[in-house]
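# Overview (structure and organization)
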Amino acid sequence: MLQFAPRVCWPLDTGAKLRNYHLARVLAQRSRVSLLAFIDHEQSLPNLEKPYEHVITVKRDSAYSLAKMVSGMMGKTPLPVLNYTTESMKLALARVLSENYFDIIQIESIHLMDYLAIIREAPKQSLVVCDWHNIESELMRRYSEREPSRLRRAYAGRTARLMSEFERRALREFDAHVVVSRRDEQRLRNLNSTARIFVIENGVDTAFYSDLGARDESRTRRIVFVGSMDYHANIDGVVNFAREVWPRLRDRQTDLVFTIVGKDPAPEVCELAQRPGIEVTGTVDDVRPFYREAIAAVVPLNVGGGSRLKILEAMAAGVPVVSTTLGAEGLEVQHDENILIADTNEELVEAITTMVENETRRHRLSAAGRTLVASRYDWSRLGASLFRAYEELLT
């Protein structure tokens, strides 16, 4: 099969890259897998063992150019699709398809929708599957509802409408679809009841995150947030938490530290490091040392889509999680069984305070979270389910 992705998987620093890599890793145990993806101009592939038989990369043009932004405002193609549609990738895809045959081509997100015509024109026909990491129109609509700038809000609202039109097209034109949650499946079925849809949830490498060594909550009483800090949903959630929730927590627990772990922190995130008790790490080689010292992981998101790998990672590491309802969206979690759900700033303060002060409850949630991810969300199980979906499509 061919995995056709907006970005190469390395480094493994976003949810999309983790999903693509680990599903390919499991599939490669049963079939041959190749990767076609964009790569940044300054990026080089590391010398690592890869699950792919072949890796074909194309240098990516500059995103969000003025011409693309104007086209996204005036034309019929939304900016997220324009950003990943280039002549160089069209040529590379056509060449790969002329030289190889793939039973399955899986396109990783609707951002690559405009390449479907090239795939349909290939000498040998493949089944084409769209992997919906998010419902992009919903994600953009939620962003527009919280964006204070009137111009950006209008642009995001228009982009959401265009993405919705592309999603309806995709449901008609792809052979099958993969989504990350039952909720996303239902949303797509409401748009097209005849579409063939498989639910392959997001997952976690439980063995990797379980290999922490001895937990040490006492050395640094750490509350952690882990995620890409150039992503608007993470920026929004962390900034609001630091400004509205964190001062009240510090008033109650003066020795707490809030550590924001993730690549490419935006300027407004970097500024948070000036506040008492807040650390901003930027890119780290390994997040496990931060989990080792964490009392809790917080996921205070108010926008976003799909499902949160950061929650699964924390649970696999044995760290109890406090999240908003939207932050835990798409995951089969239960409040006060394996997670604490808190939606208002006041509820977040109370939930985290309870987690810090009640060791018994903390350890109970930690154990239940680990059990959940091991039984349901390990990548080995999910990759095997995806392979069975492929077999069903091919027969």
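About the criteria used
- Residues numbered from 1 in each chain as written.
- Predicted model: local features only at pLDDT ≥ 70, side-chain atom pairs only at ≥ 80, totals over all residues.
- Heavy atoms only, no water.
- Buried < 20%, exposed > 50% of the residue type's maximum accessible area, 1.4 Å probe, protein only.
- Helix = DSSP H or I, 4+ residues; strand = E, 2+ residues; numbered from the N terminus.
- Arc of directions from axis to C-beta.
- Contact = heavy atoms within 4.5 Å.
- Pairing = 2+ DSSP bridges.
- Axes fitted to C-alpha atoms, helices over the stretch in contact; angles between N-to-C directions.

## Remarks on helix α8 (residues 182-191)
The set of residues buried in α8 consists of Asp184, Glu185 and Leu188. Projected down its long axis, α8 carries its buried residues within an arc of 105°, all on one side. With respect to the buried face of α8, the exposed residues turned more than 90 degrees away are Arg182 and Asn190. Lining the buried residues of α8 we find β5 (127-132), α7 (150-173), β6 (176-179) and β7 (197-199).

## What about the environment of leucine 151?
Tracing the backbone shows leucine 151 in helix α7. The class of leucine 151 is exposed, set by a relative accessible area of 64%. Sequence-wise, leucine 151 and lysine 50 are 101 residues apart; in three dimensions their C-alpha atoms are separated by 43 Å.

## Digging into the sheet that holds strand β13 (residues 340-341)
Read across the sheet, 6 strands follow the order β10-β9-β8-β11-β12-β13 without closing on themselves; strand pairing throughout is parallel. Both edges of this open sheet fall to β10 (278-282) and β13, since each of them pairs with a single strand only. Looking at chain direction, strand β8 (residues 222-226) and strand β9 (residues 257-261) are connected through 5 bridges and run parallel. Counted as the bridge partner of valine 226 is valine 261 from β9. Strands in contact with helix α14 (residues 345-357) are β8, β11 (294-299), β12 (321-323) and β13; relative to β12, the strand with the most contacts, it is inclined by about 175°.

## Some points on the environment of methionine 73
Position of methionine 73 relative to the elements: it lies in helix α2 (residues 66-74). According to the relative accessible area criterion, methionine 73 is partly exposed, its value standing at 29%. On a C-alpha basis, the gap between methionine 73 and tyrosine 155 in space is 6.8 Å, while along the polypeptide they are 82 residues apart. If sequence neighbours within four positions are ignored, methionine 73 has contacts with Tyr155 and Arg158.

## Brief notes about the sheet that holds strand β1 (residues 2-5)
The parallel open sheet is built from 7 strands, whose spatial order is β3-β2-β1-β4-β5-β6-β7. The open sheet terminates on both sides in strands that have one partner only, identified here as β3 (54-59) and β7. Each neighbouring strand pair of the sheet contributes to a mean axis angle of 20°, computed without reference to strand direction. Note that β6 and β7 share 3 bridges and pair parallel.

## Here we look at the environment of glycine 318
Among the secondary structure elements, glycine 318 is positioned in the loop between α13 (309-316) and β12. With 32 residues separating them in the primary sequence, glycine 318 and glutamate 350 have C-alpha atoms 21 Å apart.

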